Amino acid sequence: MSSVLYDAQGPRAKRRNVLYTVVFLLAAAALGWWVFQTLSDKGQLDWEKWKPFFSGSEAWTTYILPGLWNTLIAAALSMVIALPLGAVFGIARLSDHAWIRVPAGVIVEFFRAIPVLILMIFGLALFAEYTNVGSDDRPLYAVVTGLVLYNASVLAEIVRAGILSLPKGQTEAAQAIGLRKTQTMTSILLPQAVTAMLPAIVSQLVVIVKDTALGGAILTFPDLLAAVSPMSSYYGANTIASFTIVALIFVLLNFALTSFASWLERRLRSGKKSTGAVLPPAAVGGTESAGTAA
Amino acid sequence: MFDFLEGYDLLGAFWVTVQLTLLSAAGSLVWGTVLAAMRVGPVPLMRGFGTAYVNFVRNIPLTVIILFTSLGLFQALSISLGGQRFETINFRLAVLGLVAYTAAFVCEAIRSGINTVPVGQAEAARALGLNFTQVLTLVVLPQAFRAVVGPLTNVLIALTKNTTVAAAIGVAEAALLMKEMIENEAQLLLISAVFAFGFVCLTLPTGLILGWVGKKVAVKR
């Protein structure tokens, strides 16, 4: 394989690359050996500590699956609530009236500038003080509130960028046949923008899934991450094993979502029927990196 | 009206946030650039490592990484990064976690910057007989960095907000202080407003200043 950055490799370059590969392998092997030694010194590699995940389903049914379920519930709820909210604010930012456009812009920029964790802590105290939500439900409410406030403002930007990405001729043609502004938006622009936005929305789902873990670590929300400490104390301090399994589940889940997003993008780009306007998964500044994810 | 602030080191907490941000930013810029160089380099094994690292780390919640540094690295494996006191150890672990995580995003930003450099630049450099390291460090990266000030600013702003996750392992930064204050004082809205204002003060100027810098240094094409 060659790229524009380096020439096709001759015999000397090939020898040099083999040398680099060997050096890199040695360094990686040394690091791996050190990790292995440390782990086995502390007894973290004992089969006893890994056994619960591979034989018997107790660890899965007691700790992991309920946690994963809560993570998915919180993520799905946040997405479902944030999407319409984001659409409203995204469209409001495109309004012709300054008294709608400016406040919507201020609100969106404000919630984008604040860490999700701050919003979640605020939500938790808010529900405790001003509502009669039971203390068992409060963490879920707080997590969803924080995620909705933040992600609605990110989705608003995605919606705005999606509408702006459509060719100008669409608006002009709609006006030419006498549609009103609302009609242009609802029957011409939005339906096309939704397809253009799909990849970006799916990859925002990755950010949401990752951010639910904040609730598990700090708000006592019983999500997948929160399953780690009871699990590792029950199975005899198998911290490394528990973290590995939980991290792998997160990676697999999010990798599936990411791959789905880029598959969608490729498919929409090559489609003949659309206007060809597609927002790539990370179209809006920092979307992809913005969650704690950020 | 603001007497509830008495007895709390608000500025100190935000100073810890700033320190976390700056140290992690410096670390992840270096590690991210190295990763990006690996991903575009001629050695297949390094390319594979870079790709695997980025795809793996990007898909783990930062919270999992940060908690792992404390519960996994420190408590289970006794890796303390040379710190003696509990606060120092947690601070260093948090920086380590933030660097490991943010570097993946820095790497992707720089790689997209490398793609904006016209092909002719690298071809001309190769025609002069420069090798891969020279092409990258003398010709491509200097132009790429000018193009990625904008994307890197977004990563930096996200990093500023992400430092709050360090509260999960007890680093005394802004979010932890906010949690403590809300539990002790009956001023929920005011306290939240103060902390929200603090973060707006940190992130908004960063965006504005670096946005201006980005326009200033961008290569006209």
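Residues numbered from 1 in each chain as written. Chains lettered and ligands numbered in written order. Predicted model: local features only at pLDDT ≥ 70, side-chain atom pairs only at ≥ 80, totals over all residues.

1. Concerning the overall build of chain A
When its secondary structure is counted, chain A shows 11 helices and zero strands. Its helices and strands taken in sequence order, chain A reads α-α-α-α-α-α-α-α-α-α-α from the N to the C terminus. What you see for chain A is a C-alpha radius of gyration of 24 Å, clearly larger than the 19 Å of a compact globule of 294 residues, by over 25%. For chain A, the spread of C-alpha atoms along the principal axes amounts to about 75 × 70 × 30 Å. Split into buried and exposed, the 294 residues of chain A put 45% on the buried side. (Helix = DSSP H or I, 4+ residues; strand = E, 2+ residues; numbered from the N terminus. Rg over C-alpha atoms; globule rule 2.2 N^0.38 Å. Buried ≥ 20, exposed ≤ 12 C-beta atoms within 10 Å, placed from the backbone.)

2. Notes on the overall build of chain B
When you go through chain B residue by residue, the secondary structure sums to nine helices and zero strands. Overall, chain B is about 70 × 45 × 25 Å in size when its C-alpha atoms are taken along their principal axes. Here chain B holds 221 residues, and 49% of them are scored as buried. Looking at chain B alone, contacts between residues at least 24 apart form 74% of all its contacts between residues at least 6 apart. (Contact = placed C-beta atoms within 7 Å.)

3. Section: the interface of chain A and chain B
At the junction of the two partners, chain A supplies 49 residues and chain B supplies 51 residues. When contributions to the side of chain A that touches chain B are tallied by element, the ones reaching two or more residues are α1 (11-41), α4 (98-113), α5 (116-130), α8 (181-218), α10 (239-270) and α11 (287-290) of chain A. Here the residues of the side of chain A that touches chain B are counted per class, giving 32 nonpolar, 13 polar and four charged. (Nonpolar A, V, L, I, M, F, W, Y, C, P; charged D, E, K, R; others polar.)

4. Considerations on helix α2 (residues 44-58) of chain B
Helix length check: α2(B) (15 residues) gives 21 Å between terminal C-alpha atoms against 21 Å at 1.5 Å per residue, within 8%. The complete set of buried residues in α2(B) reads B:Met46, B:Gly50, B:Val54, B:Val57 and B:Arg58. Taken end-on, α2(B) shows its buried residues confined to a sector of 95 degrees, consistent with a single buried face. The exposed set on the far side of α2(B), more than 90 degrees from its buried face, consists of B:Pro44, B:Gly48 and B:Ala52. Check the buried side of α2(B) and you find it contacts α1 of chain A together with α1 (10-40) and α4 (86-116) of chain B. (Expected span 1.5 Å × (residues − 1). Arc of directions from axis to C-beta.)

5. So, the UniProt feature "domain: ABC transmembrane type-1" (unreviewed entry) in chain B
Per the UniProt entry, the sites bearing "domain: ABC transmembrane type-1" (unreviewed entry) are residues 14-210 of chain B in this numbering. Along residues 14-210 of chain B, the helical share is 82% and the strand share 0%, with 21 Å between the first and last C-alpha atoms. (UniProt positions renumbered as here; feature names shortened; annotations may be inferred.)

6. A few points about the UniProt feature "transmembrane region" (unreviewed entry) in chain A
Residues and elements named next belong to chain A. Sites flagged by UniProt as "transmembrane region" (unreviewed entry) map to residues 18-36, 68-92, 104-128, 140-159, 188-209 and 240-264. With 92% helix and 0% strand, residues 104-128 has its two end C-alpha atoms placed 28 Å apart. Helix makes up 100% of residues 140-159 and strand 0%. Its end C-alpha atoms lie 27 Å apart.

7. What about the confidence of the model for chain B?
Low-pLDDT stretches of the model should not have their predicted coordinates read in fine detail. Residue and element names in this part refer to chain B. Looking at chain B, the pLDDT average stands at 91 and 100% of residues meet or exceed 70. Across chain B, α1 holds the top mean pLDDT of 95, while helix α3 (residues 62-76) sits lowest at 89. Listed scores for the predicted complex are pTM 0.90 and ipTM 0.90. (pLDDT = per-residue confidence, 0-100.)

8. Some words on the UniProt feature "transmembrane region" (unreviewed entry) in chain B
Residue and element names in this part refer to chain B. The residues that UniProt annotates with the feature "transmembrane region" (unreviewed entry) are residues 12-38, 59-77, 89-107, 128-149, 155-176 and 188-213. Here residues 12-38 runs as 100% helix and 0% strand, with 39 Å between its end C-alpha atoms. Annotated as 100% helix and 0% strand, the span residues 89-107 places its first and last C-alpha atoms 27 Å apart.

9. A word on the packing of α3(B) against α4(B)
All names here are of chain B. Look at α3 against α4: their axes get within 9 Å of each other, and the N-to-C directions meet at 135 degrees. If you check the angle between α3 and α4, you find them oblique. For α3 against α4, the interelement crossing comes out right-handed. Residues Leu62, Ile65, Ile66, Thr69, Ser70, Leu73 and Phe74 of α3 form the contact with α4, whose own contacting residues are Ile89, Asn90, Leu93, Ala94, Leu96, Gly97, Ala100 and Tyr101. Per-class residue counts for the contact of α3 with α4 are 11 nonpolar, four polar and no charged. (Axes fitted to C-alpha atoms, helices over the stretch in contact; angles between N-to-C directions. Parallel < 35°, antiparallel > 145°, perpendicular 65-115°, else oblique. Left-handed = near helix turned anticlockwise from the far one by under 90°.)

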